[in-house]
Each structure stands twice: as structure tokens, then as C-alpha cells.
Amino acid sequence: DIAFVAEGEPDFLLADAAWRNERRHLALDLLTGRVNSAHVLHDWLIEHGFSPLDLKWFIRNPAEFDILGADYYRHTEVELYASETGECKQRMPACQAGLAVAARGYWERYQKPMLIAETSVTGNEADRIEWLNLTVSQVRQLRQEGVPVLGYYWWPAIDHLDWDGAMLHRTGHIHPAGLYRLQRDTNGDLKRIET
């Protein structure tokens, strides 16, 4: 997730947002051997049980990758704010920075060609068309800036079943996020409807 601090919120949230924004890169930083003693999350990993020997192994055995696959959804971004008791809370921001900001951050850090591997939005067809147009226009913007975005994938192509329950139940609920809509006929069979 990309974390932002709501306007007018206390300064302590800025440090939390910076930490969250570093943490989102941690898996790739480990994979590419970047988590050395100077890495901002090095000590945090050790304090939380990550073995120093394992960290050294990652440094000695960095992996290269050819293409970076990134997911981007509305819930990719969070806005931090303080509750009435002063605790850090998060919510979806009213105004999002957008896919271009998220992707540019990965490009600047890793300098690897990118694939927008997953994006979509649930809801009616008008909401999905708006999200498709918004995210595709941001891919175009990135390409014009010289960020090599090689592809874009809307996930899922066909509405999901039971996705809202992490597929832990089998109620047959249609989760409307696909480019093709699922619709039950009178026999209960599912039909794909082009949107």
C-alpha cells in the first residue's frame, strides 16, 4: 500500500507513512540483496526475528528479475489520520494519487520494465469503465515519461464467484469486477455477458 497523511494531521503520522512506504518494497529489496545494515528496515527485521544469517544470505545471493509485476487497486492507497484518542488510523483517501504515482515509485527504485499485473474495480459497468479509462490513461502517461510499462491486465476478465469471502464459502455470490459479467439463468447456470 502507498500511505499518505491527511492534511492537518499530527507530524507523528509522517514517520508512520514513511515506514509503511518503505515496507511495501521489502520483499523486492530482500530478493535483490538490498537489505544491508544501512537499509531502513534492517534493524526492524532483526528485532522481529529475521535471522542475521538469512539477511546476509540475501545480500550474497541477489536475484535479478526482468519484469516487475505490480498490482494497483483503489485500496492500494491509504490515508493516515489520528483518532480522537491519538491513535493512527487509516482509510481510503478521498483523492487518490493514482497508478502513475505508485508505478513511478517502483520504476525509480528498481529501474525495471513493468507490467500492471492486476487492476480492476468492483461495481456497476460505469464504475468499471471509469476505472479502466483512468488507469489506462495513467499507463499512457507513464510511457510518455519514459517508464517502460510493457502491459496491462484487468483482473479478473470474468466476474468472480465468492471472492468477497476470500473464497472460503460457497454461496455462489457473483463479485462484479470482470470485463465479462456473470449472470444466472433460470436454471441457475452461469452465462458470460459481454460488457
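Going by the structure above, here's the rest.
None of the values given here were measured: they were computed from a predicted structure.

Caption draft 1: Here's a closer look at the overall build of the protein chain. Helix and strand counts for the protein chain stand at 6 helices and 10 strands. Counting only C-alpha atoms, the protein chain reaches 60 × 45 × 40 Å along its principal axes. The buried share of the protein chain, taken over its 195 residues, is 34%. Taking as baseline every contact in the protein chain between residues at least 6 positions apart, the subset at least 24 positions apart corresponds to 54%. When the accessible area of the protein chain is evaluated, it comes to approximately 11,900 Å², of which 53% is carbon and sulfur surface. Mean positive and mean negative side-chain charge positions of the protein chain (20 and 29 charges, respectively) differ by 5 Å.

Caption draft 2: Representation of the packing of aromatic side chains. The full count for this structure, using the stated rule, is 7 aromatic pairs. With a centroid separation of 5.3 Å and an interplanar angle of 75 degrees, the aromatic rings of Trp19 and Trp44 are classed as edge-to-face. Note that Trp19 is positioned in helix α1 (residues 12–23) and Trp44 in helix α3 (residues 42–47), a separation of 25 residues in sequence. Judged by centre distance (6.3 Å) and plane angle (45 degrees), the ring pair of Phe50 and Phe58 falls under tilted. An aromatic cluster is built from Phe50, Trp57 and Phe58, whose rings are joined through pairwise contacts. The positively charged end of Lys112 is found above the aromatic ring belonging to Phe65, 5.7 Å away from the centroid.

Caption draft 3: Highlighting the nonpolar core. Ranked by size, the top nonpolar core spans 21 residues in total, and within it Leu68, Leu99, Met114, Leu142, Val147 and Val149 carry the most contacts. Top contributing element to this core by residue count: helix α5 (residues 99–110), with 7 residues. If sequence neighbours within four positions are ignored, Val149 has contacts with Met114, Ile116, Val139, Leu142 and Arg143. Grouped together as the second largest cluster of nonpolar side chains are 6 residues, Leu26, Val35, Leu41 and Leu45 included.

Analysis parameters
- Residues numbered from 1 in each chain as written.
- Predicted model: local features only at pLDDT ≥ 70, side-chain atom pairs only at ≥ 80, totals over all residues.
- Heavy atoms only, no water.
- Helix = DSSP H or I, 4+ residues; strand = E, 2+ residues; numbered from the N terminus.
- Buried < 20%, exposed > 50% of the residue type's maximum accessible area, 1.4 Å probe, protein only.
- Contact = heavy atoms within 4.5 Å.
- Areas by Shrake-Rupley, 256 points an atom, 1.4 Å probe, with all protein chains shown as cover.
- Lys, Arg positive; Asp, Glu negative; His and termini not counted.
- Charge placed at Lys NZ, Arg CZ, Asp CG, Glu CD.
- Phe/Tyr/Trp six-rings, centres within 6.5 Å; stacked < 30°, edge-to-face > 60°.
- Lys NZ or Arg CZ within 6 Å of the ring centre and 35° of its normal.
- Core = buried A, V, L, I, M, F, W, Y, C linked by side-chain atoms within 4.5 Å.

These results come straight from atomic positions and should not be treated as a statement about function.
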